[in-house]
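Chains, contacts and geometry: an overview
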Amino acid sequence: MMNAVQMLVRHWAFRCIQSLLLVATLAIVAIPAAASPYAETGDIQLRHDLEYLADRGLVSVPLTTWPMSWADVISAVESVDRTQIEVPATLNLLRRLDARVANGLVWQVVESSFSIGANEKLNELRIFDDRPEGSVELEGRIEYTGKSFVANLQVGLVDDSQDSESVRLDGSYIGYIFKNVAITAGSQDAWWGPGHAGSLILSNNARPVPGITVRRNVATAFESPWLSWLGRWTALAFAGRLESDRGVSQPYLLGARVAIKPFRSLELGVSRSAQWGGEGRPESFSSLVDLVIGRDNAGEGVSREEEPGNQMAGFDARWSLGRFGVPVSLYGQLIGEDEAGGFPSRYLGMGGVSTSFAVPQRLSTVRLNLEYSDTTCQFNESSPRFNCAYNNDLYPSGYRFRGRAIGHSTDADSRQLALVTTLNSADRKSWQATLRSGRLNRGGPLDPAHSLANSRVDYIDIDVGHSRPFRGGNLKIGIGFTDSDFVATSQSSRDTRFYLRWESKLR
């Protein structure tokens with residue numbers, strides 16, 4: 001592994017020196033800060049802490065739409081009535097959150113960081129996490145947070161990645177905040193829905209799609225008595241463009257989501273996404289209107305040639321069942337690959353149960369998620385439709401970006417049962433363990449567009465990760481094992497993997 005690091009450093013020496021000089025120059029005048037405008041997708045520790053509090057009825061902000069506004073995180077932490085808390089592990093959790101958001105609303109801040117990561121073998125079954133995406137990667141970040149203007153320049157150098165781009169700007173954005181509306185342009189990872197092992201409509205499985213996003217900056221409730229019952233709510237819409245090297249070059253990816261919290265115990269979400277336009281496809285205003293109003297099926301007011309695009313839409317919910325000893329929450333997501341009568345149809349499905357508890361001896365908190373997903377159209381019917389999910393005749397490359405599914409990491413026609421465990425300790429250390437079993441591409445027929453398997457594969461996957469402060473930064477390290485059986489050929493394979501990442505703030 002050291003030889004690989006040395007080779008990469010030599011290969012990218014000139015670019016690294018340029019990037020690091022820029023980072024170092026800004027770091028000289030940097031004012032230390034604890035938070036950026038957004039809590040990033042993949043922050044397992046933060047998500048665990050917020051859900052732990054939510055399941056105990058202590059916070060009421062929506063938690064199923066990532067990235068989250070740090071303003072919402074701060075509001076959630078400050079709203080907790082600590083005089084009613086008697087569990088030491090919960091108080092310690094709040095102190096840990098206090099440390100993360102202490103300077104979250106300091107304006108005119110420049111912050112910079114540097115990270116290095118390595119993978120011996122990439123795990124293609126992504127969950128809600130943040131780990132290296134190439135055999136070796138170097139990354140520098142410069143971030144500015146103002147009262148209205150925000151910006152983040154993130155340059156990554158990736159060796160032996162899954163696509164041909166070795167220099168990346170993933171995570172970079174510029175934004176402007178006006179009253180309670182934030183407008184950003186860039187490429188940020190996103191995660192829509194309550195799942196931990198995957199999202200059926202938008203996850204961090206594929207690289208982030210460059211585009212423009214408009215969102216509510218703070219999830220406040222309506223002041224009107226007619227709508228205040230909806231509770232705190234968040235909403236966003238985005239428009240991005242996919243790559244040129246695909247079946248239909250450079251189609252647009254559009255999406256919108258609304259999540260509400262009518263009760264502290266219940267969160268509801270509605271999501272919609274669409275592929276529209278692209279080379280050889282209609283991009284007129286009337287075509288966009290047809291897409292928005294759902295008139296996009298041939299024979300329903302449009303011809304086959306005039307179909308505006310391919311859409312997915314659906315619902316999700318997360319419900320905490322109360323505080324009877326150990327809190328339990330149920331969650332689920334239904335995403336339709338088609339439309340019928342103005343509503344989604346041909347659903348993909350995901351459901352799970354979650355519980356969390358304290359470990360008094362170590363002032364630690366633990367979360368367990370047992371989650372099932374099926375990415376087959378009409379998954380709940382006796383005759384499901386194969387080669388339907390994440391695929392469409394209008395767009396041969398499907399609902400994918402740079403070879404990866406934009407939705408669930410298992411891609412189309414797959415079933416998975418996952419157990420995801422997270423432990424956060426008092427000293428800012430964290431452990432994660434994931435056990436998964438399932439079948440990829442269970443429909444059987446060859447599917448060359450499938451990002452993981454062009455025929456049926458049964459697998460068992462184990463992944464263990466650890467995060468801790470180390471040498472002035474934060475170290476993430478993990479190991480994993482996958483046992484795969486290729487049903488069509490009666491062959492099998494067993495793979496082990498290892499990854500690490502170290503990130504440090506530049507002062």
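This one's a predicted model, so the numbers in the text were calculated from it and none came from an experiment. (Residues numbered from 1 in each chain as written. Predicted model: local features only at pLDDT ≥ 70, side-chain atom pairs only at ≥ 80, totals over all residues. Heavy atoms only, no water.)

**Points about the state of the cysteines**
Between two cysteines, a covalent bond joining their sulfur atoms is known as a disulfide. How we decide: Any two cysteine sulfur atoms lying within 2.5 Å of each other are counted as a disulfide. The secondary structure listing takes helices from DSSP runs of H or I that are at least 4 residues long and strands from runs of E that are at least 2 residues long, numbered from the N terminus. Note on exposure labels: buried denotes an accessible area under 20% of the residue type's maximum, exposed denotes more than 50%, and partly exposed covers the range between, all computed with a 1.4 Å probe on protein chains only.
Summed over the entire model, instances satisfying the criterion amount to one disulfide. What pairs with Cys-377 in a disulfide is Cys-388, and their sulfur atoms sit 2.2 Å apart. When the S-S torsion is -80°, as for the bridge of Cys-377 with Cys-388, the disulfide is left-handed. One end of the pair, Cys-377, is in the loop between β18 (364–374) and β19 (400–401); the other, Cys-388, is in the loop between β18 and β19, with 11 residues separating them in the sequence. Each member of the pair, Cys-377 together with Cys-388, is buried.

**Some points on the nonpolar core**
Let me state the cut-off plainly: Buried residues of nine kinds, namely Ala, Val, Leu, Ile, Met, Phe, Trp, Tyr and Cys, make up a nonpolar core once their side-chain atoms join them within 4.5 Å. In what follows, residue pairs with any heavy atoms lying within 4.5 Å of each other are defined as contacts.
Grouped together as the largest cluster of nonpolar side chains are 26 residues, with contacts concentrated most on Leu-46, Leu-53, Met-68 and Val-73. A total of six residues in this core trace back to one element, the largest contributor, which is helix α3 (residues 44–55). Aside from chain neighbours lying at most four places away, what touches Met-68 is Pro-37, Tyr-38, Ala-39, Leu-50, Val-61, Pro-62, Leu-63 and Val-73.

**A look at the pairing of strand β17 (residues 343–359)**
How we decide: Two strands form a pair only when DSSP identifies at least two bridges running between them.
Where β17 meets β18, 11 bridges bridge the pair, whose relative direction is antiparallel. The residue bridging Thr-355 from the neighbouring strand is Leu-368, located in β18. Connecting β17 to the next strand, β18, in antiparallel fashion are four residues, including Leu-363 with a positive phi near 50°.

**Quick notes on helix α6 (residues 285–293)**
Note the following rule: As used here, the arc belongs to the directions running from the helix axis to the C-beta atoms.
By the burial criterion, the buried members of α6 are Ser-287, Asp-290 and Leu-291. Mapping the buried residues of α6 onto a view down its axis gives an arc of 100°, with all of them on the same face. Summarising the geometry of α6, the exposed residues directed more than 90 degrees from the buried face are Phe-285, Val-292 and Ile-293. Residues of α6 that are buried in the fold lie against β13 (252–263), β14 (266–276) and β15 (309–320).

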